[in-house]
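Breakdown of the fold
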Amino acid sequence: MAENFTGGKLKLKGVKDGKVKKKKKKKLNEDVVKSEIKRESEESGTSTLSADTVSKPKVTKTKAELAFLKAQQKREGEKILKKAETSHKERVEQFNEHLDNLIEHFDIPKVSWTKMDAFLQGRSGIKPKVAAAAPVSTAPQFVPWVEKYRPRTVNDVSHQVEVVAVLKKCLEGDDIPNFLFYGPPGTGKTSTILALTRQMFGKEFGNRVLELNASDERGIQVVRDKIKNFAQLAVSSKTVNGVKIPGIKMIILDEADSMTNAAQSALRRTMEKFTKTTRFCLICNYVSRIIAPITSRCAKFRFKPLDTSVLDDRLHHICKEENVTCGDGVIEVIRQVSGGDLRKAITYLQSSARLKKDEEVTKQDIHDIAGVVPHTVVERVLELAKSGNYTKLQRGIQDMMHDAYSASQILEQLHDLIFEDSSLPDKKKSAIMEEIAKTDKCLLDGGDEYLQIMSLSTVVMTEYSEL
Amino acid sequence: MALWVDKHRPKSLSQLDYHKPLAQHLKKLVNSGDFPHLLVYGPSGAGKKTRIMCLLREIYGAGVEKLRIEHHSFNTPSNKKIEISTIASNYHIMVNPSDAGIYDRVVIQDLIKTIAQTNQLDSEKMREFKVVVLTDADRLTKDAQHALRRTMEKYMSKCRVIMCTNSISKMIPAIRSRCLGIRISAPNQEEMTSVLNLTCRKEGINLPPELAERIIAQSERNMRRALLMCETCKVQQYPLSPDQTVDDPDWMTFVKQTAMKIIEEQSPKRLLDIRSRLYELLAHCIPPETIFRTLADELVKHCDGTLQKKVIQAAANYEHKLQLGSRPIYYLEAFVARFMAMYKGFIQDAIMDFDDFDFDES
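Residues numbered from 1 in each chain as written. Chains lettered and ligands numbered in written order. Predicted model: local features only at pLDDT ≥ 70, side-chain atom pairs only at ≥ 80, totals over all residues. Heavy atoms only, no water.

1. Side note on the overall build of chain B
The following threshold applies: For the purposes of this entry, the term helix denotes a DSSP run of H or I that reaches at least four residues, the term strand denotes a run of E that reaches at least two, and both are numbered from the N terminus. Summary of the burial criterion: residues with accessible area below 20% of their type's maximum are buried, those above 50% are exposed, and those between are partly exposed, where the area comes from a 1.4 Å probe applied to protein chains only. Should any heavy atoms of two residues lie within 4.5 Å, those residues are considered in contact. Methods summary: accessible areas were calculated by the Shrake-Rupley approach with a probe of 1.4 Å, and residue burial reflects only the protein chains presented. Just so you know, the count uses Lys and Arg for positive and Asp and Glu for negative, and it drops His and the chain ends. Charge positions are represented by NZ for Lys, CZ for Arg, CG for Asp and CD for Glu.
The helix and strand inventory of chain B stands at 14 helices and 7 strands. The principal-axis extents of the C-alpha atoms in chain B amount to approximately 95 × 55 × 35 Å. In chain B, buried positions account for 51% of the 362 residues. At a minimum sequence separation of 6, the contacts of chain B that also span at least 24 residues come to 71%. When the accessible surface of chain B is split by element, carbon and sulfur atoms take 51% of a total near 17,700 Å². A gap of 10 Å separates the mean positions of the 51 positive and 45 negative side-chain charges of chain B.

And the structure:
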């Protein structure tokens, strides 16, 4: 035990040793004297040598430290200059532009420059971003136009009149049912529900909405854990600032038809149990792939394929906004190629616009980008099949494969051609159609393109030879 | 000593020998310093990878040619470790995700995530994004392709994906609609001739036009194969003579011999023979699809009108089943057995007809 104590004189707590004090004082005095000497020597301009030798103990900072200080000051100056360069209004504008360019955070509302401060206080995390955002937004950034021109409110959704009418009613009252949206791709299903939730929840969007799509893990485990946990949370009907919003949450299951049956079944009870706090929105292309117990729990909405006029309007609008010059009939070609899918149409337009830069977009560009096989090529295949010469057919198809045309695209166009061929009796047509369907399935399974197309064209050959 | 194929590979977009308008378009696309995700498709030996490398060089400069091999390891959800080797420069990374088999989804998600999370050291001088090149993208599982679609959108600001694939039919529409598709067709006869002549001139040898023509005919519009054949010819005999034999690749000769054997005799015993030959082909890593295609084409040559159609349909049928099944040998063998049955039946019918005909005559 005894060895733990330190030896030495007894000391009083809090009272410093007088001896040390004395020493310090002496040194201090010395310093003062020396600095005075230095000042004198500097003022009088005596030899630098003497000044250096005398002032040496005075230098407390190392060379590196001094350099750092200097750099710091310089940087501060630059920062201030940079800040002074742009006015507050401009910075807010830049921030808004940055928000526009973000793909993920389209839910953050735009900021008016007079209310910027209040906004930033509410979201203190964003403030440093303003400075960081400025240099980013100057560089040309590639934002998919599909995201840029997504409808922001339910009213902006084009063509789906009935759905919009119902949803507006839902917005007026506070209660909404579970939704099931179905329809062909690119008709605005996801856009509609995003617009609806954004209108409903406003700034709370991020907290109130859980969006899951096919690329997220969505097996039965996720339904049991993630979805259930989110659904269980209770929410108030007021935001932090006291704004009244519906006291519910929304779970959006995009591409729900790719969910397994087991996962769908696991969803059934969850949907019912948490009706007080949570609404579901299922989005799918084929309603037949959703199990019946789920469909009966939802309000079903069918999204119609878009009209030609709607597509044209939208494309013209985007062309004007983005300063794209289109040749005659280009919009028409885009419309044909996209088959009523607005997303596809916009993507084609953007791709071709980027490929051509400032030049005019032509029909050929659209065909190239969409991977459309030229009519002459498909017609040649049909001619060869009609001729009944196997060797010629083989060579023709080999050539076509070397030109890297997509087999599924050829199939589609061949289908159109045979469908319109009036010389073929219906019975033979249906036989060919059946074969086309089979071939399509085989191609989807990953069958070899050459063999599949050869097999199909021999069937076509047989049907034609029996005429 | 590098092979001619690598030695004379064009290094920049302006050096490309054919598809010049496409090169112009690509240049324009890149000039703005940014580009969307790309999906490059075309048959093998058409110059897909050459164009991708040219494009990368146009964006980043000569630095992309300093390549190194990296090994990445990933953890699957079931805690299995998989190792993938990638080829990378400071600006891009080239990976063949199908090496990971059914775990390619994990590879894609992790890889792109790690790349998107690292910043470029000096963003002033370089681009803000890196490029991920996925080769053999058509061999990605559907799962991986679905995973890719969201990943592609999410990390758009930090990385671009360039996919390189033989057939676009195997890509899901969602991926196709997110990328700018670039079709690269195989070079035609004249283009190939000019490239062959140019290469030979650079090597300082004289290529007789007749030989060039034969090489091109045999290469099936595959530029790489043509160049390799040309080099083989030079190794075999120099100076080149117009009547020199141009050798097929070994496996092709082997498949041709196999086809001959099938035609010669149709019996269970011969089928056993064929099976061992097929095993040998598979053991040498010849893709079963290629075997199917070549074998079917060879067999069809020896058949008549109606039988030709049946053979090609049978080939298509078994090849499709092969894609769904697990072991290729079953389907190859089934096809051979089916062909033997059809061929024998056909020959017997022909003999019967002939006998009938004789009977009538007498």
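Next comes the rest of the account.
2. Some details on the sheet that holds strand S7 (residues 180-183) of chain B
Residue and element names in this part refer to chain B. Test applied: A pair of strands is labelled paired if DSSP reports no fewer than 2 bridges between them. Axis geometry follows a simple rule: fit a line to the C-alpha atoms, using only the stretch in contact for helices, then measure angles between N-to-C directions, giving values from 0 to 180 degrees.
The 7 strands are arranged S2-S3-S4-S5-S6-S1-S7 in an open sheet whose pairing can be described as mixed. Both edges of this open sheet fall to strand S2 (68-75) and S7, since each of them pairs with a single strand only. Within the sheet, the average angular offset between the axes of one strand and its neighbour, ignoring direction, is 25°. Pairing geometry for S2 and strand S3 (residues 81-88), over 8 bridges, is antiparallel. Residue serine 73 lies in a different strand from S3, and its bridge partner there is glutamate 83.

3. Re the interface of chain B and chain A
Applicable threshold: Note: buried area is the sum, over both parts, of the accessible area (probe 1.4 Å) each one loses when the two are combined. Basic side-chain nitrogens of Lys or Arg form a salt bridge, by our definition, when they fall within 4 Å of a carboxyl oxygen of Asp or Glu. Polar contacts, as counted here, are pairs of nitrogen or oxygen atoms within 3.5 Å of one another; within protein the pair requires one atom able to donate a hydrogen and one able to accept it, and residues that are adjacent in sequence qualify only if both atoms are side-chain atoms. By the convention adopted, Pro, Cys, Tyr, Trp, Phe, Met, Ile, Leu, Val and Ala count as nonpolar, Lys, Arg, Asp and Glu as charged, and the other residues, Gly among them, as polar.
Taken together, the contact pairs 52 residues of chain B with 48 residues of chain A. Carbon and sulfur atoms make up 53% of the surface buried where chain B meets chain A, a total of about 4,600 Å² over both sides. At the boundary of chain B with chain A, the tally comes to 3 salt bridges. The salt bridge involving aspartate 448 of chain A is made with arginine 293 of chain B; its shortest N-O contact spans 2.8 Å. Linking chain B to chain A there are 17 residue pairs in polar contact (both at pLDDT 80 or more). Elements with a minimum of two residues in the side of chain B that touches chain A: helix H2 (20-31), helix H4 (104-117), helix H5 (142-154), helix H6 (173-178), S7, helix H12 (288-301) and helix H13 (305-324) of chain B. Looking at which element gives the most residues to the side of chain B that touches chain A, the answer is H13 of chain B, with 10 residues. The residue makeup of the side of chain B that touches chain A, split by class, is 18 nonpolar, 14 polar and 20 charged.

4. Some remarks on the packing of helix H16 (residues 342-356) of chain A against H2 of chain B
Formally: Every angle not falling under 35 degrees, over 145, or within 65 to 115 is termed oblique; those three ranges are roughly parallel, roughly antiparallel and roughly perpendicular.
H2 of chain B packs onto H16 of chain A with a crossing angle of 95° between their chain directions and a minimal axis gap of 7 Å. Classified by the angle between their axes, H16 of chain A and H2 of chain B sit roughly perpendicular to one another. Taking contact as the criterion, the partners of Arg354, Leu355 and Lys356 of chain A in H16 of chain A are, on H2 of chain B, His25, Lys28 and Leu29 of chain B.

5. As for the side chain of glutamate 463 of chain A
Residue and element names in this part refer to chain A. By the element assignment, glutamate 463 lies in helix H22 (residues 449-465). Look at glutamate 463 and you get buried, because its relative accessible area is 15%. Each residue touching glutamate 463, except ones within four places of it in the same chain, is listed here: Lys428, Ala431 and Ile432.

6. Quick word on helix H10 (residues 250-264) of chain B
Turn by turn, an α-helix covers 3.6 residues, leaving residues three or four places apart pointing in a common direction. Condition: One less than the number of residues in a helix, times 1.5 Å, gives the span that helix is expected to have.
For H10 of chain B, which comprises 15 residues, the first-to-last C-alpha distance of 21 Å matches the rise-based estimate of 21 Å (1.5 Å per residue) to within 8%. Of the positions making up H10 of chain B, those classed as buried are Trp251, Met252, Phe254, Val255, Thr258, Ala259, Ile262 and Ile263 of chain B.

7. Quick word on the domain arrangement of chain A
Defined as follows: Delimitation of the domains relies on an automatic or database domain assignment.
By the assigned domains, chain A splits into domain 1 (71-123), domain 2 (145-302), domain 3 (308-370) and domain 4 (375-465). Using C-alpha coordinates to define each centre, domain 2 of chain A is positioned 42 Å away from domain 4 of chain A.

8. Some points on the sheet that holds strand S1 (residues 179-182) of chain A
Residue and element names in this part refer to chain A. Spatially, the 5 strands line up as an open sheet ordered S2-S3-S4-S1-S5, and their pairing is parallel. Lying at the two open borders of the sheet, with one neighbouring strand each, are strand S2 (209-212) and strand S5 (299-302). Ignoring which end each strand starts from, the neighbouring axes of this sheet average 15° apart. With 4 bridges joining them, S2 and strand S3 (residues 249-253) adopt parallel strand pairing. In the sheet register, valine 209 faces S3, and the bridge partner there is methionine 250.

9. Quick look at the packing of helix H20 (residues 407-420) of chain A against H22 of chain A
All names here are of chain A. As a reminder, the rule being used: Left-handed describes a crossing in which the near helix is turned anticlockwise from the far one by less than a right angle; the clockwise case is right-handed.
Across the interface, H20 lies against H22 with an axial gap of 11 Å and an inter-helix angle of 15°. In terms of axis orientation, H20 runs roughly parallel to H22. Crossing angle aside, the handedness with which H20 passes H22 is left-handed. Touching Ala407, Leu411, Leu414 and Ile418 of H20 are Glu449, Ile453, Leu456 and Val460, all from H22. For the contact of H20 with H22, a count of residues per class yields 7 nonpolar, no polar and 1 charged.

10. Remarks on the pairing of strand S1 (residues 38-41) of chain B
All names here are of chain B. Alternating positions in S1 separate into two faces, Leu38 and Val40 on one and Leu39 and Tyr41 on the other, with burial throughout. Direction of pairing for S1 relative to strand S6 (residues 159-165): parallel, over a ladder of 4 bridges. In the sheet register, tyrosine 41 faces S6, and the bridge partner there is threonine 165. With 4 bridges joining them, S1 and S7 adopt parallel strand pairing. Bridging from a neighbouring strand, leucine 39 pairs with glycine 181 of S7.

11. Description of the pattern of salt bridges
Across all of its chains, the model carries 22 salt bridges over all chains by this definition. Salt bridges sharing partners connect three or more residues here, namely Glu264, Glu265, Arg270 and Asp273 of chain B.

12. Quick look at the packing of aromatic side chains
The test is simple: Here a Phe, Tyr or Trp ring, Trp counted by its six-membered ring, pairs with any other such ring whose centre lies within 6.5 Å, and the pair is stacked when the planes are under 30 degrees apart, edge-to-face when over 60, and tilted otherwise. Here, over-ring charges are defined by two tests on the NZ atom of lysine or the CZ atom of arginine: distance to the ring centre within 6 Å, and angle to the ring normal within 35 degrees.
Applying the stated criterion to the full structure yields 9 aromatic pairs over all chains. An angle of 45° between the planes, with centres 5.6 Å apart, marks the rings of phenylalanine 179 of chain A and phenylalanine 301 of chain A as tilted. With phenylalanine 179 of chain A in strand S1 and phenylalanine 301 of chain A in strand S5, the pair connects residues that are 122 residues apart, well separated along the chain. Relative accessible area serves as the criterion here: at 10%, phenylalanine 301 of chain A is assigned to the buried category. With 5.4 Å between their ring centres and 50° between their planes, phenylalanine 292 of chain B and phenylalanine 335 of chain B make a pair best called tilted. Note that phenylalanine 292 of chain B is positioned in helix H12 and phenylalanine 335 of chain B in helix H14 (residues 328-361), a separation of 43 residues in sequence. The two residues phenylalanine 292 of chain B and phenylalanine 335 of chain B agree in class, both being buried. Cluster of aromatic residues (ring-pair linked, three or more members): Phe179, Phe181, Phe301 and Phe303 of chain A. The lysine or arginine in question, lysine 249 of chain A, covers the ring of phenylalanine 230 of chain A, its NZ or CZ lying 5.7 Å from the ring centre.

13. Points about unusual backbone geometry
The backbone of asparagine 323 of chain A shows a phi angle near 60°, a positive value even though the residue is not glycine. Inspection of the secondary structure assignment puts asparagine 323 of chain A in the loop between helix H14 (308-322) and helix H15 (330-338). Unlike most non-glycine residues, arginine 221 of chain B shows phi in positive territory, near 60°. Along the chain, arginine 221 of chain B falls in the loop between helix H8 (209-219) and helix H9 (223-236). The buried category is assigned to arginine 221 of chain B, whose relative accessible area is 16%.

14. Concerning the pairing of S1 of chain A
Residues and elements named next belong to chain A. Note: S1 against strand S4 (residues 278-284), 4 bridges, orientation parallel. Across the sheet, the residue bridging to leucine 180 is leucine 282, located in S4. Across 4 bridges, the pairing between S1 and S5 is parallel. Residue leucine 180 lies in a different strand from S5, and its bridge partner there is lysine 300.

15. Considering H20 of chain A
Between its first and last C-alpha atoms H20 of chain A spans 20 Å; for 14 residues at 1.5 Å apiece the expected length is 20 Å, and the two agree. Residues Ala407, Ser408, Gln409, Ile410, Leu411, Gln413, Leu414, Leu417 and Ile418 of chain A constitute the buried set of H20 of chain A. Residues of H20 of chain A that are buried make contact with helix H18 (375-387), helix H19 (390-402), helix H21 (426-444) and H22 of chain A together with H6 of chain B.

16. Some points on a nonpolar patch on the surface
All names here are of chain A. Definition in use: Patch definition: residues with relative accessible area over 30% and no salt bridge; like charges joined within 9 Å; nonpolar side chains (Val, Leu, Ile, Met, Phe, Trp, Tyr) joined within 5 Å.
On the surface, a nonpolar cluster with roughly 280 Å² of combined accessible area is contributed by Leu66, Phe68 and Leu69. As for its placement among the helices and strands, leucine 69 is situated in helix H3 (residues 63-85). The class for leucine 69 is partly exposed, based on a relative accessible area of 34%.

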